[in-house]
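So you can see what is in the structure, the chains are spelled out below.
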Amino acid sequence: SAVISQKPSRDICQRGTSLTIQCQVDSQVTMMFWYRQQPGQSLTLIATANQGSEATYESGFVIDKFPISRPNLTFSTLTVSNMSPEDSSIYLCSVVMEGAGPYGYTFGSGTRLTVV
Amino acid sequence: DAKTTQPPSMDCAEGRAANLPCNHSTISGNEYVYWYRQIHSQGPQYIIHGLKNNETNEMASLIITEDRKSSTLILPHATLRDTAVYYCIVRQTSYDKVIFGPGTSLSVIP
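Residues numbered from 1 in each chain as written. Chains lettered and ligands numbered in written order. Predicted model: local features only at pLDDT ≥ 70, side-chain atom pairs only at ≥ 80, totals over all residues. Heavy atoms only, no water.

Below, the discussion takes up the interface of chain A and chain B. Each side of the interface is counted separately: chain A has 22 residues, and chain B has 21 residues. Around 1,600 Å² of area is buried between chain A and chain B when both sides are counted, 59% of it from carbon and sulfur atoms. For the pair chain A and chain B, the interface holds one salt bridge. The interface formed by chain A and chain B contains five residue pairs in polar contact (both at pLDDT 80 or more). (Contact = heavy atoms within 4.5 Å. Buried area = accessible area lost by both parts, 1.4 Å probe. Salt bridge = Lys/Arg side-chain N within 4 Å of Asp/Glu carboxyl O. Polar contact = N/O pair within 3.5 Å; in protein donor to acceptor, adjacent residues only side chain to side chain.)

The structure is reproduced here in structure tokens:
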């Protein structure tokens, strides 16, 4: 399976600011996804990061709040914009590697964000 | 995607088998049943998947009923390290996005 490096691993940010989270994969992957996990909750899919085009957002998530880039097949960023305390969560990047079967769907270790 | 229902929590004694049920009564014929788990503060981890036959790997066994409306994940000899949230998901292919439900929080007790 792919090895995912997610940065930063954690951060404490002031409300009203923005944070960009990076997801770097050690090999080319077919698909990349971004999830949010609020405290004590399950994972919620934010969007599918599409290479070379706009991301596909799930219901309840918008591009102005969570802009996503994917310039190539190994890298993506998620920005959390104009943050409020409600944005305090773990944000996870996940990838699908073609040909790797079910083991090809792997997750990064996440970015723990606290907004104060 | 079909939806699944799981009990919110379960306990299991260390060394005993942990049997985690999942209902997926609206599953369609081309959808697989996948199981993932999330150990505290880590990303989810794939465990096993199946279509209609029972499956076994080094981590677990998956028993799917004949009508495919429910399944059971079996951890044959639970250890403390198996304490985690277990997610049952149905999807068509390995490339489909994974939509997580609440899952089952399994506590393995010494």
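Another point: the packing of aromatic side chains. What the rule picks out here adds up to 14 aromatic pairs over all chains. Judged by centre distance (6.3 Å) and plane angle (15°), the rings of Y34(B) and Y36(B) are stacked. For Y36(B), a relative accessible area of 0% translates into the label buried. For the ring pair Y36(B) and Y46(B), a centre distance of 6.0 Å and an interplane angle of 75° mean the geometry is edge-to-face. One end of the pair, Y36(B), is in strand 3 (residues 32-38); the other, Y46(B), is in strand 4 (residues 45-50), and 10 residues separate them in sequence. On the basis of relative accessibility, which here comes to 9%, the residue Y46(B) falls in the buried class. Each member of the aromatic cluster is reached from another via a ring pair, and the members are F33(A), Y35(A), Y105(A), F107(A), Y32(B), Y34(B), Y36(B), Y46(B), Y87(B) and F100(B). The cationic tip of R91(B) hangs over the ring face of Y34(B); the distance from NZ or CZ to the ring centre is 4.4 Å. (Phe/Tyr/Trp six-rings, centres within 6.5 Å; stacked < 30°, edge-to-face > 60°. Buried < 20%, exposed > 50% of the residue type's maximum accessible area, 1.4 Å probe, protein only. Helix = DSSP H or I, 4+ residues; strand = E, 2+ residues; numbered from the N terminus. Lys NZ or Arg CZ within 6 Å of the ring centre and 35° of its normal.)

Strands belonging to one sheet form pairs held by backbone hydrogen bonds; the direction of such a pair is parallel or antiparallel. Residues and elements named next belong to chain A. Across the sheet, four strands lie side by side as 1-3-8-7; this open sheet has antiparallel pairing. Where the open sheet ends on each side, the last strands, each with one partner, are strand 1 (4-7) and strand 7 (68-72). Taken pair by pair, the neighbouring strands of this sheet meet at an average axis angle of 15°, ignoring direction. The pairing of strand 3 (residues 19-25) with strand 8 (residues 75-80) spans six bridges and is antiparallel. Among the inter-strand pairings, Q22 is bridged to a residue of strand 8, identified as T77. (Pairing = 2+ DSSP bridges. Axes fitted to C-alpha atoms, helices over the stretch in contact; angles between N-to-C directions.)

Here we come to the sheet that holds strand 3 of chain B. Residues and elements named next belong to chain B. Read across the sheet, five strands follow the order 1-9-8-3-4 without closing on themselves; strand pairing throughout is mixed. Only two strands of the sheet have a single partner each, and these edge strands are strand 1 (9-13) and strand 4. Averaged over neighbouring strand pairs, the angle between their axes works out to 25° when direction is ignored. Relative to strand 9 (residues 104-109), strand 8 (residues 84-91) runs antiparallel, the two sharing three bridges. Across the sheet, residue Y86 finds its bridge partner in strand 9, namely T104.

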